[in-house]
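Single-letter residue listing:
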Protein chains: 2
Amino acid sequence: MTKIEPRLLKGFRDYNPKEQAARQAMFSKIQNVFERFGFLPLSTPVLEYKDILMGKYGEGERLLYSFKDNGERDVAMRYDLTVPLARYIAQNINQLTFPFKRYQIAPVWRADNPQRGRLREFYQCDIDAVGVESNLADAEVIACACKALEGLGVSDYVVRINDRRVFDRFSVPEDQKVEIMRSIDKYDKIGLEGVVQELREKNMDADIVTEVEQFLQGSFVQSDNASQNVQQIIELLQGLGIPKDKIKADYTIARGLDYYTSSVFEIFLPGKEQYGSVASGGRYDQLLNQFSDKVLPAVGISIGIDRLFEALEDIGLLPNSDLVKVLVLNQDEQYLSDYVRLTSALRDNGINTELYYESVKLDKQFKYAENKGIAYAIILGEKEKVAGTVQLKNLQTREQQEISERELIDKLK
Amino acid sequence: MTKIEPRLLKGFRDYNPKEQAARQAMFSKIQNVFERFGFLPLSTPVLEYKDILMGKYGEGERLLYSFKDNGERDVAMRYDLTVPLARYIAQNINQLTFPFKRYQIAPVWRADNPQRGRLREFYQCDIDAVGVESNLADAEVIACACKALEGLGVSDYVVRINDRRVFDRFSVPEDQKVEIMRSIDKYDKIGLEGVVQELREKNMDADIVTEVEQFLQGSFVQSDNASQNVQQIIELLQGLGIPKDKIKADYTIARGLDYYTSSVFEIFLPGKEQYGSVASGGRYDQLLNQFSDKVLPAVGISIGIDRLFEALEDIGLLPNSDLVKVLVLNQDEQYLSDYVRLTSALRDNGINTELYYESVKLDKQFKYAENKGIAYAIILGEKEKVAGTVQLKNLQTREQQEISERELIDKLK
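For the structure given in this document, a descriptive report is provided here. On a predicted model such as this, the values are computed, not experimentally measured, just so you know. (Residues numbered from 1 in each chain as written. Chains lettered and ligands numbered in written order. Predicted model: local features only at pLDDT ≥ 70, side-chain atom pairs only at ≥ 80, totals over all residues. Heavy atoms only, no water.)

Some details on the overall build of chain A
Rule in force here: The secondary structure listing takes helices from DSSP runs of H or I that are at least 4 residues long and strands from runs of E that are at least 2 residues long, numbered from the N terminus. Radius of gyration means the value over C-alpha atoms here, while the globule rule gives 2.2 Å times the residue count to the 0.38 power. A 1.4 Å probe rolled over the protein chains alone gives each residue an accessible area, and that area as a share of the maximum for its type sets the label: buried under 20%, exposed over 50%, partly exposed in between. In what follows, a contact means two residues having at least one pair of non-hydrogen atoms within 4.5 Å. In summary, the charge assignment counts Lys and Arg as positive and Asp and Glu as negative, without counting His or the chain termini. Every charge is mapped to an atom, namely NZ of Lys, CZ of Arg, CG of Asp or CD of Glu.
Of the regular secondary structure elements, chain A holds 13 helices and 16 strands. Computed over C-alpha atoms, the radius of gyration of chain A comes to 27 Å, more than 25% over the 22 Å expected from 2.2 N^0.38 for 413 residues, which places it beyond the range of a compact globule. Along the first, second and third principal axes, the C-alpha atoms of chain A reach 95 × 55 × 50 Å. Each of the 413 residues in chain A was classed as buried or not, and the buried ones make up 59%. Within chain A, residue pairs in contact and separated by at least 24 positions form 68% of the contacts whose partners lie at least 6 positions apart. Taken as two groups, the 54 positive and 64 negative side-chain charges of chain A have centres that lie 3 Å from each other.

Put into structure tokens, the structure is as follows:
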């Protein structure tokens, strides 16, 4: 038989048990914080009609995984969790109570260049509040993401906030404003000169380029609605328990997605900026209107768990989860029914327990326990069978004690 | 602006917050049982190279979602979690410790006919033990699935077990044996006559058709290896705490997938057979060999959570999760900073709390709490502000008491 070479697509990865246990612990902690803030779970499908997703993302749209399905329908894998949320809301608008606060923790797909260290499949942890104008909601989604980071042991983070209406100062047609925002959004990576050069390459008016240059040098009056909104959000954030030194107004934040209308924000880990923002979001008051006659203002934030995973791995903050506690050794085939019964009793008492499947040399079984990070082994041979006991061996300290089954369960519980 | 009609693809669905909270509670319970049995989590991507998935599934293969990606690679969305596991094992064979026991809870995609009530995107909860020949592993994966069902409150289930080698009695070429198994697998749905008719339409020898007919009528000697294996698994299952009356040898179970080699099994809910099997699996000792020179015997089972969700909904066993406990009413704009601080204090004490975003009529805010199933409301107006207290209102009983913030937290914790 011809072998098929086992391999992964570029930009896709497996998470082995140790990594996946850590990720699941992260998801669970984030979910708890989301629920503490009153967000409820929603699940939408991975595949959507392509026209639902088109025209929402700007430049990134070319990264959409789209194809014709078996019924010749144009379909696409979701690119984010926000547009499917808008579709869901519009479709169920008469059954829902507003403000509608939901979270969704799920993967999305973007055919990005994996050389930039970005995955093509990655998880987003999103919260959104739909049907609310108050910027208390903006502050709340930001605070919730900060508390989720704190829940993961990350105390060192910085929130940068802007309001896209700050760019209304540039008197240019809408399409040019979008281009200006896209260039300004790269300010962190390409610097002032890079932005200026990009705008020139986009054939912007020299006057406008100069205006943008001055804007980025900070010489503008922060007294418009946009700046006031940013200041209010910052004050509310402090009320919600986020320390002032972790929050910064940053008028160079624009975000790449087309659907944001006013506030936009990003959270970075200082010293770990190479991972990009670990959370980002903004207000999108017009997105729902693309699917519905009703206008529903909305705001949300998304935590990028895969970047965060890498950053936490780097900082040494990945949760360590040794999931299996006990290995019942399969020492002697004739006592198999005892091993099976004992294993079941431990499991029925909520103890994560494995029974080694085959009666092979004990060395091999101990080695297995060690590789899997199992804390205890249980030995039951002829001597123990006669005495009605078992040997409990601590695999770390190598201490061993002979105890009854009842004592065993009490001890391990 | 032209509106885009918000709609879902056929065979795909959303789960609203109430449904999704119930599903997540189910996932979490199943995960706990999987971990109690010593299975560890693994995550593989949704997209694989198409050739990895081809040639493994038999008839079902035409249901694969496959397409060319932006780089003209032939890719496909995973059809199950077993073939990606085999790919992972082959790719990492030298880093892994065997037996390798893993679980994965994740969606898969099949472009099945939605008229048959099947979803095209559905979750599988899989456990597999790889690198083990002992049928103790077969018994263990079955027992683990049973305990997962019990963990969900399902006490009424039946396990049906067979061994595909029972079909070796038919002396026909391999491709014909596959066709016989596919027809026998439909026995439950189409009956004896249906199977006989299908085999005739497949142009099987009349002698073979008669043999199959006699086999299905039960007139065969159960003394071969296959039958013995089934009996041993049944005995081990009892040792693992599964009552004898819930286990049946059933020589008509064949399973549709091509990769099974010996034991095959299904779990049904009596009286709810219309949902099909809620869990199924088998042994696949040759699958790994398609990716690797090494032979690694393996066995696994998959719980179909979406069918189970519908069945539990039907039986009335869906877990009820009202996730938000408290709504802080936004009665008077001037006390907003008090509301924000109080909300934060409750959340910091682990209490799932919402603050109503806008200072609208209290009627509307109470209505919101009711719709969301929130148990308590907190009222803080001028009177309470002066007294340094709050009103805690039980929204079920309508009882209200005036207490201090400290008492409030102690009471709700």
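Points about the pattern of salt bridges
Cut-off, in case you're wondering: A pair is scored as a salt bridge if a Lys or Arg side-chain nitrogen falls within 4 Å of a carboxyl oxygen belonging to Asp or Glu.
By the definition in use, this model includes 68 salt bridges over all chains. In this structure, Glu384(A) and Lys383(A) form a salt bridge, with 3.8 Å as the shortest nitrogen-oxygen distance. Since its relative accessible area comes to 52%, Lys383(A) is described here as exposed. Between Asp306(B) and Arg23(B) there is a salt bridge, and its shortest N-O distance comes to 3.0 Å.

A closer look at the relation of the copies chain B and chain A
Stated formally: Each copy is superposed on the other by least squares, with the fit set by C-alpha atoms of residues at a pLDDT of at least 70 in both.
Rotating chain B by 180 degrees and moving it 0.0 Å along the rotation axis overlays it on chain A with an RMSD of 0.0 Å. These values place the two chain copies in the arrangement generated by a two-fold rotation axis. Scanning chain B for the C-alpha nearest the rotation axis identifies Phe67(B), at a separation of 3.2 Å. Of the interface residues in chain B, 100% have counterparts in chain A that sit at the interface too, so the contact is made through matching surfaces.

Digging into the packing of aromatic side chains
For clarity, the threshold we go by: Any two rings among Phe, Tyr and Trp, with Trp reduced to its six-membered ring, count as a pair given centres within 6.5 Å; such a pair is stacked if its planes are under 30 degrees apart, edge-to-face if over 60, and tilted if neither.
All told, the structure shown has 25 aromatic pairs over all chains when counted by the stated rule. Taken together, a centroid distance of 4.1 Å and an interplanar angle of 35 degrees make the contact between Tyr57(A) and Tyr79(A) tilted. A residue pair is termed long-range when its members are at least 10 positions apart, and Tyr57(A) in the loop between α2 (50-53) and β3 (66-68) and Tyr79(A) in the loop between β4 (74-77) and α3 (82-91) qualify at 22 residues. Of the residues examined, Tyr57(A) reaches a relative accessible area of 1% and is grouped as buried. Taking the relative accessible area as the measure of exposure, Tyr79(A) reaches 4% and is therefore buried. An angle of 70 degrees between the planes, with centres 5.1 Å apart, marks the rings of Tyr259(B) and Tyr260(B) as edge-to-face.

Remarks on the pairing of strand β9 (residues 263-268) of chain A
Residue and element names in this part refer to chain A. The cut-off we apply is this: Here, any two strands with at least 2 DSSP bridges between them count as paired.
Within β9, six of the six residues are buried, which leaves the element mostly enclosed by the surrounding structure. Covered by surrounding structure in β9 are Ser263, Phe265 and Ile267 together with Val264, Glu266 and Phe268, the residues of both alternating faces. Here strand β7 (residues 158-163) runs beside β9; their pairing, made up of six bridges, is antiparallel. Bridging from a neighbouring strand, Asn162 pairs with Val264 of β9. Sheet topology note: the β9/strand β10 (residues 279-283) ladder contains four bridges and is antiparallel.

Comments concerning the interface of chain B and chain A
This is how it is decided: Put simply, buried area is how much 1.4 Å-probe accessible surface two parts lose in total, over both of them, once they are put together. By the criterion applied in these results, polar contacts are pairs of N or O atoms within 3.5 Å in which, for protein atoms, one can donate a hydrogen and the other can accept it, and in which residues neighboring in sequence qualify only through two side-chain atoms. Amino acids outside the nonpolar list (Ala, Val, Leu, Ile, Met, Phe, Trp, Tyr, Cys, Pro) and the charged list (Asp, Glu, Lys, Arg) are all regarded as polar, and Gly is one of them.
Taken together, the contact pairs 102 residues of chain B with 102 residues of chain A. In this assembly, chain B packs against chain A so that about 8700 Å² is buried in total across both faces, 60% of it on carbon and sulfur atoms. Run the count over chain B and chain A and you get 10 salt bridges. At the junction of chain B and chain A, the tally comes to 41 residue pairs in polar contact (both at pLDDT 80 or more). Tallying contributions element by element places helix α1 (residues 17-36) of chain B first for the side of chain B that touches chain A, with eight residues. Within the side of chain B that touches chain A, the residues separate by chemical class into 49 nonpolar, 25 polar and 28 charged.

Considering the nonpolar core
Across soluble globular proteins, nonpolar side chains have a tendency to be buried as a group. The following threshold applies: Definition used in this section: a nonpolar core is a set of buried Ala, Val, Leu, Ile, Met, Phe, Trp, Tyr and Cys residues joined via side-chain atoms within 4.5 Å.
With 97 residues, the main nonpolar core has Leu346(A), Ile378(A), Ile161(B), Ile267(B) and Leu308(B) as its most contacted residues. Ignoring anything within four residues of it in the chain, the contact list for Leu308(B) reads Met26(B), Leu149(B), Leu152(B), Leu269(B), Val278(B) and Ile303(B). Core analysis: the next-biggest nonpolar cluster, separate from the first, contains 93 residues, Leu136(A), Val172(A), Ile184(A) and Tyr376(B) among them.

Looking at the sheet that holds β3(A)
Residues and elements named next belong to chain A. Rules: The axes used here are C-alpha line fits, helices contributing only the stretch in contact, and every angle between their N-to-C directions lies in the interval 0 to 180 degrees.
Taken in spatial order, the three strands make up an open sheet running β2-β4-β3, and their pairing is antiparallel. Pairing within the sheet leaves two strands with one partner each, and these edge strands are β2 (47-49) and β3. Each strand of the sheet is rotated relative to its neighbour by a mean of 35 degrees, with strand direction disregarded. In terms of strand pairing, β2 meets β4 through three bridges, oriented antiparallel.

A word on the packing of helix α4 (residues 135-151) of chain A against helix α8 (residues 225-239) of chain A
Residue and element names in this part refer to chain A. As a reminder, the rule being used: To sort the angles, those under 35 degrees are grouped as roughly parallel, those over 145 as roughly antiparallel, those from 65 to 115 as roughly perpendicular, and the leftovers as oblique. By convention, the crossing between two helices is left-handed when the near helix turns anticlockwise from the far helix through less than a right angle, and right-handed when the turn is clockwise.
Between α4 and α8, the least distance of the axes is 9 Å, while the angle of their chain directions is 55 degrees. It follows from the interaxial angle that α4 and α8 lie oblique. The handedness of the crossing between α4 and α8 comes out as right-handed. The segment α4 lies against α8, with Asn135, Leu136, Asp138, Ala139, Ile142 and Ala143 engaging Asn229, Gln232, Ile233, Leu236 and Leu237.

A few points about the sheet that holds strand β15 (residues 390-394) of chain A
Residues and elements named next belong to chain A. Here five strands make up an open sheet; going across it, the order is β13-β12-β14-β15-β16 and the pairing mixed. For this open sheet the edge positions go to β13 (353-355) and β16 (400-403), each flanked by a neighbour on one side alone. The mean angle between the axes of side-by-side strands here comes to 25 degrees, regardless of whether they run parallel or antiparallel. Here four bridges tie strand β14 (residues 376-379) to β15, and the two strands are oriented antiparallel to one another. The residue of β15 that forms the bridge with Ile378 is Leu392. Here helix α10 (residues 336-348) sits on the sheet and contacts β12 (326-328), β13, β14 and β15; the angle it forms with β13, its principal contact strand, is near 170 degrees.

So, empty space enclosed by the protein
With a probe scaled to a water molecule rolled over the atoms, the places where space remains empty come into view. The condition is simple: For cavity detection a 1 Å grid was placed over the protein atoms alone, and a set of points counts as a cavity when a 1.4 Å probe fits there but cannot get out; an open set counts as a pocket when protein lies on both sides within 12 Å along at least five of seven lines, with lining residues being those that have an atom within 4 Å of a point. Grid points are joined across faces, edges and corners, and a volume is the space filled by probe spheres set on the points.
For the structure shown, the criterion picks out two cavities of 30 Å³ or more. Space inside the largest cavity adds up to approximately 70 Å³. Residue lining of the largest cavity: Gly11(A), Phe12(A), Arg13(A), Tyr15(A), Arg23(A), Leu119(A), Glu121(A), Phe122(A), Tyr123(A), Asp306(A) and Ser43(B), and that is the complete set. Sort the elements by how many residues they give to the lining of the largest cavity and strand β6 (residues 121-130) of chain A lands first, with three residues. Residues that form the lining of the largest cavity fall into these classes: five nonpolar, two polar and four charged. Here the second largest cavity is characterised by a volume of approximately 30 Å³.

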